Amino acid sequence: DAMVIQNPRYQVTQFGKPVTLSCSQTLNHNVMYWYQQKSSQAPKLLFHYYDKDFNNEADTPDNFQSRRPNTSFCFLDIRSPGLGDAAMYLCATSRGGLAGGQETQYFGPGTRLLVL
Amino acid sequence: QQQVKQSPQSLIVQKGGISIINCAYENTAFDYFPWYQQFPGKGPALLIAIRPDVSEKKEGRFTISFNKSAKQFSLHIMDSQPGDSATYFCAASTGSGNTGKLIFGQGTTLQVKP
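Below or above, wherever it landed, is the structure these notes cover. The structure displayed is predicted, hence computed values, not measured ones. (Residues numbered from 1 in each chain as written. Chains lettered and ligands numbered in written order. Predicted model: local features only at pLDDT ≥ 70, side-chain atom pairs only at ≥ 80, totals over all residues. Heavy atoms only, no water.)

**A word on the side chain of Asp77(A)**
Residues and elements named next belong to chain A. Here Asp77 shows up in strand β8 (residues 73–78). For Asp77, a relative accessible area of 13% corresponds to the buried category. Polar side-chain contacts of Asp77 include one of 2.6 Å to the side chain of Thr20. Beyond its immediate stretch of four places on either side in the chain, Asp77 contacts Val19, Thr20, Asn63, Phe64, Gln65 and Arg67. (Helix = DSSP H or I, 4+ residues; strand = E, 2+ residues; numbered from the N terminus. Buried < 20%, exposed > 50% of the residue type's maximum accessible area, 1.4 Å probe, protein only. Polar contact = N/O pair within 3.5 Å; in protein donor to acceptor, adjacent residues only side chain to side chain. Contact = heavy atoms within 4.5 Å.)

Now the structure itself:
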């Protein structure tokens with residue numbers, strides 16, 4: 001029944017050691033989003049894909065990259081994690097279309113990243 | 001101008017009471033206002049949403065009131081239950097192109113006491 005799946009649920013990495021977070025979806029949605037959510041804060045959009053079109057938020061650090069090899073999968077790569085990158089990373093999807101701004105976004109359970 | 005301001009930051013309500021969370025925005029281009037509910041360790045899930053052409057939307061115990069002139073909207077939870085204890089985020093979106101960019105409020109942690 002899971003529609004947006006994130007793996008792993010918990011990830012521990014070392015300062016500066018590259019890490020990849022995974023998201024997959026069974027909804028066949030066109031749009032996939034990555035959000036960063038720090039403790040007691042709102043989710044903050046990092047970037048999103050409409051199909052293969054990548055859209056980066058202006059304030060997303062270069063340290064964060066993303067790949068979407070196919071409709072179902074999307075990856076978040078953190079090239080050199082710093083202590084400030086410790087957060088919950090949420091993947092979300094939406095159908096995409098003319099009324100994209102009014103669509104429901106479906107969130108995964110998140111991956112909690114700890115940087116040592 | 002892209003911000004959505006949410007209050008209160010935390011809320012404690014007795015079982016059966018009414019929980020009220022308020023949000024305000026500046027950008028008049030926003031045309032979709034969803035509320036998301038997030039339980040600890042889970043991702044946010046859509047609770048209820050409203051478009052600015054209506055002033056109120058009700059789904060079960062949850063009601064959104066929308067005041068376009070004041071640029072404010074609020075979530076009312078009637079007959080609040082302990083199972084409603086969660087963090088609630090209001091959000092706003094513009095229908096820019098074919099994707100939706102959500103601007104979230106800061107969140108309200110609701111605790112409903114038995």
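**A word on the nonpolar core**
All names here are of chain B. Of all hydrophobic cores here, the largest spans 25 residues; its most connected members are Val4, Phe33, Trp35, Phe73, Leu75 and Tyr88. Elements with a contribution of two residues or more to this core: β2 (10–14), β3 (19–25), β4 (33–38), β5 (45–50), β7 (62–67), β8 (72–77), β9 (86–94) and β11 (108–113). Ranked by the residues each element gives to this core, the list is headed by β9, at four residues. If near-sequence neighbours (up to four positions away) are discounted, Phe33 is found in contact with Tyr25, Ile48, Ala49, Ile50, Pro52, Ile64, Phe66, Phe73, Ala91 and Ala92. (Core = buried A, V, L, I, M, F, W, Y, C linked by side-chain atoms within 4.5 Å.)

By themselves, these observations are geometric and do not establish any function.
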